[in-house]
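Analysis of the macromolecular model
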Number of protein chains: 2
Amino acid sequence: MKLSIQPVPIHIPGFQFAGVRCGLKENGARDVALICSDVPAAAAAAFTTNRVKAAPVLIGMERAAAGRLQAVIINSGNANAFTGRAGLAVAREMCAVVSRELHIDQALVIPSSTGHIGVPLPRDRVLEGVRAACRALSPDAFHEALEGMMTTDAFPKFATEVVTVGKRGVTVAGMTKGAGMIAPRMAIEKHATNLTYVLTDAAASPAALRRILQTALPHSFNAIVVDGDTSTNDTIVLMANGMADNTPVAPGSRDFSRLCDAGTRVMQRLARLVVKDGEGATKVVDVEIEGARSPRDAKRAAETIARSPLCKAAFFGSDPYTGRVVCALGYSGAVFDPEKIDVYFDAVQVVRRGREIVGEVEERAAAVTRRPEFTLRVNLHAGTASARRITCDLSVDYVQFNSDYRT
Amino acid sequence: MKLSIQPVPIHIPGFQFAGVRCGLKENGARDVALICSDVPAAAAAAFTTNRVKAAPVLIGMERAAAGRLQAVIINSGNANAFTGRAGLAVAREMCAVVSRELHIDQALVIPSSTGHIGVPLPRDRVLEGVRAACRALSPDAFHEALEGMMTTDAFPKFATEVVTVGKRGVTVAGMTKGAGMIAPRMAIEKHATNLTYVLTDAAASPAALRRILQTALPHSFNAIVVDGDTSTNDTIVLMANGMADNTPVAPGSRDFSRLCDAGTRVMQRLARLVVKDGEGATKVVDVEIEGARSPRDAKRAAETIARSPLCKAAFFGSDPYTGRVVCALGYSGAVFDPEKIDVYFDAVQVVRRGREIVGEVEERAAAVTRRPEFTLRVNLHAGTASARRITCDLSVDYVQFNSDYRT
């Protein structure tokens, strides 16, 4: 795995970072990351809805509920999932070390893990890594932290925005990791191996942050599919440490929509990067369903295409095979009349009122499917609801990679 | 595609067959098949639940409802699906030709098609093929008919049984096709590209045949998954022509359970052959869930593992990666306590009460996953319900094949 760390420095006032090596990864890459605010921050978080929740997820759910956090301690190379009580104990110890070394209330520290499932997390090694991370903390180490949480990622994924809130310029910056086992369906305070951290120096209430997550999640991480497997570890954390000294943003306040929009854009850019880096993926496909009878039908239709092995293999082959798209729509559970639908690859219409358009359109559609990013749009003409999913193709490399993952 | 037609001759008293070429397939293989009973037969049928139903499915649903059929006319190389009214017209003409040539009531003839979706079925060519099939009818042409319905199949799939019903020996013989777009979820008289025909010379009422389908489907075709895409064309037809002259079998009669058992075994053998021939598949995996809270939970758990790209890629890699299995169980929607579950690969237990067993067990489990067929068994310890799905691995060849399918 070649890492090309972007040289753009990222600073968020009042946040420090570390990324160190403790030997959890065989290739010797950084495997422990620490994100820490200088002061306790308002926070909101969402976690995987998978019934098998990793030890760090169980602890994070408990602690994030209070709406205040100061640090996140992360390891890669081991998911600490399906590891029983011993796993919970190690995850708590990771937080305890941060608490002790940095003089932070333990209740304000949450753990995250990503990597192999069902393998005990080596306690001594990871705790040594956590201590090293505490010593390495620096406002300049955003990229090192990001590297420390990567697993099968081919490139580091981050996004930043500057937005004016209460006459103050505030930074909203996010980092994310993940390339496989991606179909995050996160729920706030109920329950990725997508790990995402969005940080801002704005002052905002926990309620405002929760609302931002609720607004942005369906249009970002909960709208992406790489393979359709929903991880035991998916986690997203929003932290606002108030260092910008603006009037705190509350839901419904004048500044809320600006901060919410900035947060949403950052989350959308990050989510798209995860699909772009999907294991083996060669292209990103936006699946847009319009004219559905209900929002549920729209989601089902978009989700079914985004997960269909046959549609995804056709995308890989640059084949605008409408028959497979129509077949997937048909078994999605959405209600529609096949004789009314329209289908487009970008601007090229391939089905009009239920009939495939033949002729040179086929070559133009094929040209669209050779692009690194394109949109597959379907109008069901059954109502007014719409939904979007962002997916990637299914390549030979995906299968090769995931059949050798542990060897 | 190399066909190794089995030399075993199959005869079912009172049934004739044909398999001819009309040029729908570029490779010049047989592409029209005809199955015909000498006399009108009792019948039951089930069709895809996909909302986009191929033209022949729409006609078959209508005609099969009456419980009597005499002939099935089948073409491969073109699914006649998503082809609008023109598609319906050609499918009706195929039946009309059989009716005219063989002096059979048109209402007793149903069509089936399999192949590309969304491409108009060439009328003149296919009707010429149908006429040729009528002329070629023979009691000896079971295998030619079977070849005529194959598409991406690597080998012909059939099964036979002889069973005593009312003191008469009767034959139950079935043929099936299908290797991709396989996750048949057929419903009787509501709505496969799995095509299956099970024929017997027993006398049985349409009600008995419907009951046999209802009994056998959940444990045969509706329990298999190759890729998880449910086709627009899936069809299964049971025909009993009564030539054995037994007392007609009715539901609840003394002979019913024997005929039902024979029919079920034939359908199970056929369904398993479809998985064995799954596109790119190198192994068959029986996924068994026990101890589920409810039958619905058991089905969800089995189905989710059977469809998980990560589990299926691990099967391909001969990797008994329990973490992925547990992850799939977790997002299946089934309710269970991860700390209670047991997991086995054949007889090798790899998880006991929620803990992975380490050591030499891992090598023994890996040896199981190198077998061409093995069972993955999970006991959720949450209740008494159970379910089984039969799936295959996800190979590099599956993706390669399905990304070039039309080129």
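Residues numbered from 1 in each chain as written. Chains lettered and ligands numbered in written order. Predicted model: local features only at pLDDT ≥ 70, side-chain atom pairs only at ≥ 80, totals over all residues.

1. Here's the deal with the overall build of chain A
- Of regular secondary structure, chain A possesses 11 helices and 16 strands.
- For chain A, the C-alpha radius of gyration of 22 Å lies close to 22 Å, the compact-globule estimate for 407 residues.
- The principal-axis extents of the C-alpha atoms in chain A amount to approximately 70 × 55 × 40 Å.
- The buried share of chain A, taken over its 407 residues, is 61%. (Helix = DSSP H or I, 4+ residues; strand = E, 2+ residues; numbered from the N terminus. Rg over C-alpha atoms; globule rule 2.2 N^0.38 Å. Buried ≥ 20, exposed ≤ 12 C-beta atoms within 10 Å, placed from the backbone.)

2. So, the interface of chain A and chain B
- The partner chain B presents 47 residues to the 48 residues of chain A that form the contact.
- For the side of chain A that touches chain B, the elements supplying multiple residues, two or more each, are α8 (309-316), α9 (322-331), β14 (355-356) and α11 (396-403) of chain A.
- Among the elements that take part in the side of chain A that touches chain B, α9 of chain A stands out by supplying 9 residues, more than any other.
- Broken down by class, the residue content of the side of chain A that touches chain B amounts to 20 nonpolar, 18 polar and 10 charged. (Contact = placed C-beta atoms within 7 Å. Nonpolar A, V, L, I, M, F, W, Y, C, P; charged D, E, K, R; others polar.)

3. Focus: the relation of the copies chain A and chain B
- Structural alignment of chain A on chain B gives an RMSD of 0.0 Å, achieved by rotating through 180° and translating 0.0 Å along the axis. Considering both components of the superposition, the chain copies are consistent with a two-fold axis. Proximity to the rotation axis, assessed at the C-alpha, singles out valine 396 of chain A in chain A; its C-alpha lies 2.5 Å from the axis. (Least-squares fit on C-alpha atoms with pLDDT ≥ 70 in both.)

4. Concerning the packing of helix α7 (residues 295-307) of chain A against α9 of chain A
All names here are of chain A.
- It is at 8 Å that the axes of α7 and α9 come closest, and there the two elements cross at 130°. Regarding the angle of α7 to α9, the classification is oblique. Regarding α7 and α9, the two cross each other, and that crossing is right-handed. When α7 is examined against α9, the residues Ala301, Thr304 and Ile305 are found in contact with a partner set consisting of Val325, Ala328, Leu329 and Tyr331.
- Here the contact of α7 with α9 is composed, by residue class, of 6 nonpolar, 1 polar and no charged. (Axes fitted to C-alpha atoms, helices over the stretch in contact; angles between N-to-C directions. Parallel < 35°, antiparallel > 145°, perpendicular 65-115°, else oblique. Left-handed = near helix turned anticlockwise from the far one by under 90°.)

5. Observations concerning the pairing of strand β8 (residues 195-200) of chain B
All names here are of chain B.
- β8 sits mainly inside the fold: 6 of its 6 residues count as buried.
- A two-sided burial pattern is seen for β8, the buried positions comprising Leu195, Tyr197 and Leu199 on one face and Thr196, Val198 and Thr200 on the other.
- In this structure, strand β6 (residues 168-177) lies alongside β8, joined through 6 bridges in antiparallel fashion. Note on β8: the bridge partner recorded for methionine 175 is tyrosine 197.
- Here 6 bridges tie β8 to strand β10 (residues 235-240), and the two strands are oriented parallel to one another. Among the inter-strand pairings, threonine 196 is bridged to a residue of β10, identified as isoleucine 236. (Pairing = 2+ DSSP bridges.)

6. Remarks on the packing of helix α5 (residues 206-216) of chain B against helix α6 (residues 256-276) of chain B
Residues and elements named next belong to chain B.
- Remark: α5 packs on α6, axes separated minimally by 9 Å, with the N-to-C direction vectors making an angle of 50°. In terms of orientation, α5 lies oblique with respect to α6. The hand of the α5/α6 crossing is right-handed. In contact with Ala208, Ile212, Thr215 and Ala216 of α5, α6 contributes Phe256, Leu259, Cys260, Gly263, Thr264 and Met267.
- When the residues that make up the contact of α5 with α6 are grouped by side-chain class, the tally is 7 nonpolar, 3 polar and no charged.

7. Considerations on helix α2 (residues 84-102) of chain B
Residues and elements named next belong to chain B.
- Taking 1.5 Å of rise per residue, 19 residues should cover 27 Å, and α2 covers 28 Å from first to last C-alpha, within 8% of that figure.
- When α2 is considered as a whole, its buried residues turn out to be Gly87, Val90, Ala91, Met94, Cys95, Val97 and Val98. Looking straight down α2, one finds that the buried residues subtend no more than 150° of arc, so they occupy a single side. Facing away from the buried side of α2 by more than 90 degrees, the exposed set consists of Arg85 and Arg100.
- The inward-facing, buried residues of α2 contact β2 (32-48), α1 (55-64), β3 (68-78), β4 (109-116) and α3 (123-136).
- Residue histidine 103 follows α2 closely and has a positive phi angle near 55°. (Expected span 1.5 Å × (residues − 1). Arc of directions from axis to C-beta.)

8. Notes on the domain arrangement of chain A
All names here are of chain A.
- Structurally, chain A comprises domain 1 (15-276) and domain 2 (284-403).
- With 10 residues of domain 1 in contact, the opposing surface of domain 2 contributes 9 residues.
- Among the secondary structure elements, those contributing two or more residues to the side of domain 1 that touches domain 2 are β9 (224-225) and α6 (256-276).
- Sorting elements by how many residues they give to the side of domain 1 that touches domain 2 places α6 first, with 4 residues.
- Looking at the side of domain 1 that touches domain 2 residue by residue, the classes come out as 6 nonpolar, 2 polar and 2 charged. (Domains from an automatic or database assignment.)

9. Looking at the sheet that holds strand β12 (residues 342-345) of chain A
Residue and element names in this part refer to chain A.
- Taking strand neighbours across the sheet as the criterion, the 7 strands line up as β9-β16-β11-β15-β12-β13-β14 in an open arrangement whose pairing is mixed. Bordering the open sheet on either side are β9 and β14, each of which pairs with just one other strand.
- Sheet strands touched by helix α10 (residues 361-369): β12, β13 (348-352) and β15 (373-379). Its angle to β13, the strand with the most contacts, is close to 125°.

10. Overview of unusual backbone geometry
- For serine 318 of chain A, which is not glycine, the phi dihedral falls at a positive 55°.
- Unusually for a residue other than glycine, lysine 167 of chain B sits at a positive phi of about 65°.
- Position of lysine 167 of chain B relative to the elements: it lies in the loop between β5 (157-165) and β6.
- Classification of lysine 167 of chain B by C-beta neighbours within 10 Å gives exposed; the count is 8.

11. Quick look at the environment of arginine 293 of chain A
Residue and element names in this part refer to chain A.
- For arginine 293, the location among the structural elements is in the loop between β11 (284-292) and α7.
- Looking at arginine 293, the number of C-beta atoms within 10 Å reads 17, which means it is partly exposed.
- Separated by 91 residues in sequence, arginine 293 and threonine 384 place their C-alpha atoms 6.3 Å apart.
- If sequence neighbours within four positions are ignored, arginine 293 has contacts with Val335, Ala382, Gly383 and Ala385.

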